[in-house]
Amino acid sequence: MTLAELENFLSRWGKERYRARQVSRWIYQRFAEDFMAMTDLSKSFREELSRECLISSPPAERVETSSDGTEKFLFRLEDGETVESVLIPEEDRRTLCISSQVGCALRCGFCATGAMGFRRNMTSAEIVHQVCFALKRLAEKRERLTNVVFMGMGEPLENAREVSKTIAILLSQFGFGISGKRVTVSTAGVVPAMLALAEEFPVSFAVSINAPTDALRSALMPVNRKYPLKELVTVMKSIPLRSDRKVTAEYVLLGGVNDSEKDACGLARLLKGARVKVNLIPYNAHEHGDFTSPSGETVNRFRDVLLAAGIQAITRERRGGDIRAACGQLRGAAQAKTP
Ligand code: SF4
């Protein structure tokens with residue numbers, strides 16, 4: 001529950017508003033798993049909460065650790081579905097990549113989640129739980145979570161209501177208290193929901209572009225038929241940004257498909273005038289895709305074309321590839337999609 005929901009809920013019991021703030025802090029900041037542990041609440045209130053409410057905090061069913069320190073967590077949801085999140089340690093950062101849907105309906109051709117098809121939206125409780133779990137794990141090592149990215153399984157803006165509730169909890173000073181600039185929503189380009197979310201929260205956006213033309217993008221990402229590149233780039237330009245911020249344009253480089261110098265020139269033309277930085281992501285192979293990863297030389301050439309055109313571009317370091325935790329590889333414990 002967001003703070004507002006908790007206030008509404010407890011007001012029906014005749015409780016004062018500050019009670020909601022107390023409960024919220026216990027859950028999101030002190031990770032209480034039992035209402036009886038909330039010792040600044042009266043015993044009768046704690047008993048009432050225990051009778052009527054549930055704090056759900058199941059442990060990860062599987063934890064895998066990559067040779068580079070990246071950790072992947074598999075969570076089994078109440079209906080037996082599974083999702084994954086990934087915790088990526090860097091020198092001065094701890095980034096958690098979370099899932100927002102079981103599977104995904106958008107079926108981008110290079111993505112293992114897309115190959116599963118769509119199973120269902122996650123609830124805000126299920127999305128938030130991934131954050132609670134990672135925070136507790138980091139707290140044991142006296143480490144702090146610095147960034148949360150909606151780049152796991154699913155298209156967050158196809159589950160905008162639950163994602164929006166999750167962001168409210170992430171940003172609230174009575175929730176996780178994370179700054180909006182450290183929360184990134186990655187989207188394949190669900191245009192109307194992008195604008196609505198940008199108006200609601202000061203979060204960062206990463207937009208998955210992956211092709212310089214509509215023909216190629218539609219072949220790789222069917223969502224492009226609904227929201228073509230021109231519309232998408234127009235929205236990217238209109239997202240309200242602080243002067244020191246940029247929208248991230250993500251570009252998965254697929255060997256021999258979208259990685260030529262001509263493609264790079266096309267991308268530079270497309271993004272001209274937009275406040276963007278480009279993240280180049282060499283394709284991470286998985287058994288559900290037929291693409292190959294380009295050579296390091298091809299990646300560098302592509303990046304240099306963008307830099308020469310005055311566009312900030314970096315190549316994203318591959319993390320967690322040995323445990324299938326890299327970008328585009330998440331799939332939970334999914335079997336083949338049932339009809
Ligand atoms: S890349 Fe994102 S939007 Fe596309 S299929 Fe995968 S999870 Fe869905």
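A. Region of interest: the packing of aromatic side chains. In the structure shown here, the tally under the stated rule is eight aromatic pairs. By the ring-pair criterion, three or more aromatic residues cluster together here, those being F9, W13 and F45. Geometry around F45 places K15 over its ring, the cationic atom sitting 4.6 Å from the centre. Positioned above the aromatic ring of W26, the side-chain terminus of R30 is 4.0 Å from the ring centre.

B. The arrangement of the layout of surface pockets in detail. Reported here for the second largest pocket is a volume of approximately 760 Å³. Around the second largest pocket, the lining is made up of 33 residues, and of these M1, L54, I55, S56 and A125 lie nearest the centre. Residue assignment for the lining of the second largest pocket shows that the elements contributing at least two residues are α1 (3-11), α2 (17-28), β2 (71-76) and α5 (124-140). Counting residues per element, the lining of the second largest pocket draws most heavily on α5, at eight residues. Residue composition of the lining of the second largest pocket, grouped by class: 22 nonpolar, six polar and five charged. Two domains each donate at least three residues to the lining of the second largest pocket, and these are domain 1 (3-52) and domain 2 (62-323).

C. Highlighting the site of the ligand. If you check the shell around the ligand, you find C104, L106, R107, C108, C111, G114, G154, E155 and A188 and nothing else. Looking at the shell around the ligand residue by residue, the classes come out as five nonpolar, two polar and two charged.

D. Representation of the domain arrangement of the protein chain within the structure. Partitioning the protein chain into domains gives domain 1 (3-52) and domain 2 (62-323). One C-alpha centre belongs to domain 1, the other to domain 2, and the line joining them spans 34 Å. Listed as interface residues are ten residues of domain 1 and, on the opposing side, ten residues of domain 2. For the pairing of domain 1 and domain 2, the buried interface totals around 930 Å² over both sides, and the portion due to carbon and sulfur atoms is 63%. Our enumeration of links across domain 1 and domain 2 arrives at two salt bridges. The salt bridge involving E5 is made with K165; its shortest N-O contact spans 3.0 Å. Where domain 1 packs against domain 2, one counts five residue pairs in polar contact (both at pLDDT 80 or more). Among the secondary structure elements, those contributing two or more residues to the side of domain 1 that touches domain 2 are α1 and α2. Sort the elements by how many residues they give to the side of domain 1 that touches domain 2 and α2 lands first, with five residues. Its residues assigned to classes, the side of domain 1 that touches domain 2 comprises four nonpolar, two polar and four charged.

The rules behind each value
- Residues numbered from 1 in each chain as written.
- Predicted model: local features only at pLDDT ≥ 70, side-chain atom pairs only at ≥ 80, totals over all residues.
- Heavy atoms only, no water.
- Phe/Tyr/Trp six-rings, centres within 6.5 Å; stacked < 30°, edge-to-face > 60°.
- Lys NZ or Arg CZ within 6 Å of the ring centre and 35° of its normal.
- 1 Å grid on protein atoms, 1.4 Å probe; cavity = no way out; pocket = protein on both sides within 12 Å on 5 of 7 lines; lining within 4 Å.
- Points joined across faces, edges and corners; volume = space filled by probe spheres on them.
- Helix = DSSP H or I, 4+ residues; strand = E, 2+ residues; numbered from the N terminus.
- Nonpolar A, V, L, I, M, F, W, Y, C, P; charged D, E, K, R; others polar.
- Domains from an automatic or database assignment.
- Near = heavy atom within 4 Å.
- Contact = heavy atoms within 4.5 Å.
- Buried area = accessible area lost by both parts, 1.4 Å probe.
- Salt bridge = Lys/Arg side-chain N within 4 Å of Asp/Glu carboxyl O.
- Polar contact = N/O pair within 3.5 Å; in protein donor to acceptor, adjacent residues only side chain to side chain.

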